[in-house]
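Examination of the molecular architecture
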Amino acid sequence: MSTMYRLSLPVEFPSGICAGGASAGNEIPMERNGKKEPVLRGSAIAGRLRHAFSSCGQSFTAGIDLDKIFGTQPSGGEEDNNTGGCLIVEDAILDTGKGKTSYRTYHLRDRHKGRVVDKGLFAVEICPPGTQADLIFWLKPEICEEAHKFACLIRAFLERGMIFGGNGNRGIGLARLREKHKNGPVYHAYNLSELEGYAAWLDARDGNVAENQTVAIPILDIPENQLHICLELKIPEGQDIVVSYGPGETRQAEPGLTTGFDGRPYWEIPGSAFHGILRQWVTRLATREGYPVADHTTRYTPFQEIPGDQLGWCFEPENFKAHNNCMAARLFGSLHKAGRVHCTGAFALAGQELLEDLTQYKGVQERTHVAIDPISGGAVNQMLFTTAVLTSDCDKTFKTDWYIEMPDENEARWIAQTIMAVDTGLIRIGSAKASGRLKLIEPPQVSGPRAAMVCEIIKQEGGND
């Protein structure tokens, strides 16, 4: 039967997304179409889907020929018989709503010396939290028998959450199905052997889709391979934090403030901050128990700078085993292989509208600091500066979701201990110009593999007592 299928899945990016194009120096700008709209390229969506299908397990992809759908991979030989797939993925236009894209600064930190490595500072252009998009897929007639199950699996992946854009370590790119969408995940079937069906297909290619022909994509359960931990955090009484994007117009540091899809201002703790403290503390716990890490102290000398690439390659660019031999690299990733941890950014509503100065928001205070000369004990010339901090008077909750793919027993235990270290104040977040203390307001919501173990450790150590 000559039938074309059109799948439409509405998604949102709770922490924003950077679908980066070609880098410009130390900046990663958004990919854009001819109308200057930010887009997520169809090739990136297809590649991410193929990876999800490949890691799902043969029991759930039985009856689906991935090579037929996505195409065969070229072997590089003279007689390369690779063929194109039957899946066509449209570029997804990213709707930023009342918000807009903005640049955020990130860095690679040397955990031994506590400072940014040489050439380790860069900026990323990010869409605001809550950015929306419609993922559109076309399936050619050659796979009409597999189209229904293929659609169900895509919906299942997005129900669970998928990361797009290649910036997962920075806490952005997580996509989920949009709730309360007027149509939801649907597909259309166009019979090209009939004049009416062919005409409807031509209209749909131009974006004129007849809503009365939609068929809802049913829900399909797939094996849960991610440990999901939802944390709700608050600034305790008498504490303050400042997680800054960089110097403000009049202050040396200010709390991160972003405009959401709805146009309202939100305080933000970037997912990269949680990812960084999680990696640092888990590495510390693992090394105390004798597990090997690539950047151990014997590789450091007081007068030698370690290049960032060396850290990324686990000091052995030609040896893939270096990734597997390092506990931190196996969990958090390296240039050899991607990591298995994703921490979303945490957002708290700052107000109903943007204000001219940060100190006009509830819970913000301005502090004055001075750098002291360690020899003379006097103030350093031109080093009197101010910062703005977020205090406990800000009574809003910061919510972050942590996803860990297939953690083993040790990894789950270390992650639970890290959560307790945050709750008790052993781990501080943000700049040293504030206390950096956050506290759980209720026990974490945990699901997936090793969930019972994580909950038991947190309960034994008094999480949220």
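What comes next is a walk through the structure. (Residues numbered from 1 in each chain as written. Predicted model: local features only at pLDDT ≥ 70, side-chain atom pairs only at ≥ 80, totals over all residues. Heavy atoms only, no water.)

On to the sheet that holds strand S7 (residues 115–126), then. Judged by pairing direction, the sheet is mixed, and its three strands sit side by side in the order S2-S7-S6 without closing on themselves. A single partner strand is all that each edge strand has here, and the edge strands are strand S2 (27–28) and strand S6 (102–110). (Pairing = 2+ DSSP bridges. Helix = DSSP H or I, 4+ residues; strand = E, 2+ residues; numbered from the N terminus.)

At lysine 36, a position not held by glycine, the phi torsion is positive, near 70°. Note that lysine 36 resides in the loop between S2 and strand S3 (39–40). The phi angle at phenylalanine 315 is positive, at roughly 70°, despite the residue not being glycine. Inspection of the secondary structure puts phenylalanine 315 in the loop between helix H7 (308–312) and helix H8 (321–325).

Once that is clear, we can look at the packing of aromatic side chains. The full count for this structure, using the stated rule, is eleven aromatic pairs. Here the aromatic rings of tryptophan 267 and tyrosine 361 are separated by 5.4 Å at their centres, their planes lie at 75°, and the arrangement is edge-to-face. Pair noted here: tryptophan 267 is in strand S16 (residues 265–269) and tyrosine 361 is in the loop between strand S18 (346–349) and strand S19 (364–372), with a separation of 94 residues, a long-range link. In this structure, tryptophan 267 and tyrosine 361 share a single accessibility class: buried. Seen from their ring centres, phenylalanine 274 and tryptophan 402 are 6.2 Å apart, and the 55° between their planes marks the pair as tilted. (Phe/Tyr/Trp six-rings, centres within 6.5 Å; stacked < 30°, edge-to-face > 60°. Buried < 20%, exposed > 50% of the residue type's maximum accessible area, 1.4 Å probe, protein only.)

This part covers the nonpolar core. If you look at the biggest cluster of nonpolar residues, it comprises 62 residues, and the most contacted ones within it are Ile229, Trp267, Ile269, Phe274 and Trp402. Take this core: its biggest share by element is eight residues, from helix H10 (residues 409–424). If you look at the next biggest cluster of nonpolar residues, it comprises 49 residues, including Ile17, Leu49, Cys56 and Ile126. (Core = buried A, V, L, I, M, F, W, Y, C linked by side-chain atoms within 4.5 Å.)

With that settled, consider the side chain of threonine 3. By secondary structure assignment, the location of threonine 3 is in strand S1 (residues 3–13). Aside from chain neighbours lying at most four places away, what touches threonine 3 is Leu139, Lys140, Pro141, Ala189, Tyr190 and Asn191. (Contact = heavy atoms within 4.5 Å.)

Read across the open sheet, the three strands follow the order S14-S20-S19; overall the sheet is antiparallel. Lying at the two open borders of the sheet, with one neighbouring strand each, are strand S14 (240–241) and S19. Summarising the sheet, S19 and strand S20 (residues 379–391) pair through eight bridges and their orientation is antiparallel. Paired with isoleucine 372 across the strands is alanine 379, a residue of S20.

Along the chain, the position of tyrosine 5 falls in strand S1. Taking the C-alpha atoms as reference points, tyrosine 5 and proline 141, separated by 136 residues in sequence, lie 7.8 Å from one another.

Right, let's get into the packing of helix H6 (residues 271–288) against H10. For the pair H6 and H10, the least separation of the axes is 9 Å and the interaxial angle reads 115°. Taken as a pair, H6 and H10 cross one another with a handedness that is right-handed. Residues Ile277, Leu278, Trp281, Val282, Leu285 and Ala286 of H6 form the contact with H10, whose own contacting residues are Trp414, Ile415, Gln417, Thr418, Ala421 and Val422. Looking at the contact of H6 with H10, its residues break down into ten nonpolar, two polar and no charged. (Axes fitted to C-alpha atoms, helices over the stretch in contact; angles between N-to-C directions. Left-handed = near helix turned anticlockwise from the far one by under 90°. Nonpolar A, V, L, I, M, F, W, Y, C, P; charged D, E, K, R; others polar.)

Quick look at a nonpolar patch on the surface now. A grouping of Val370, Ile372 and Leu384 is seen on the molecular surface, where their side chains present a nonpolar patch of about 290 Å² in accessible area. Along the chain, leucine 384 falls in strand S20. With a relative accessible area of 63%, leucine 384 lands in the exposed category. (Patch = residues over 30% accessible without salt bridge, like charges linked within 9 Å, V, L, I, M, F, W, Y side chains within 5 Å. Areas by Shrake-Rupley, 256 points an atom, 1.4 Å probe, with all protein chains shown as cover. Salt bridge = Lys/Arg side-chain N within 4 Å of Asp/Glu carboxyl O.)

Our focus in this paragraph is the pairing of strand S8 (residues 131–139). Counting buried positions along S8 yields seven of nine residues, so the element is predominantly enclosed. Across nine bridges, the pairing between S1 and S8 is antiparallel. Counted as the bridge partner of leucine 9 is leucine 135 from S8. Pairing analysis gives three bridges linking strand S4 (residues 87–89) to S8, with the strands arranged antiparallel. Bridge pairing in S8 places isoleucine 88 opposite tryptophan 138.

Running from N to C, H10 and helix H11 (residues 451–460) point in directions that differ by 35°, and their axes come no closer than 9 Å. Judged by the sense of rotation from one axis to the other, the crossing of H10 with H11 is right-handed. Touching Glu409, Ala412, Arg413, Ala416, Ile419 and Met420 of H10 are Met453, Val454, Ile457 and Ile458, all from H11. In terms of residue class, the contact of H10 with H11 is built from eight nonpolar, no polar and two charged.

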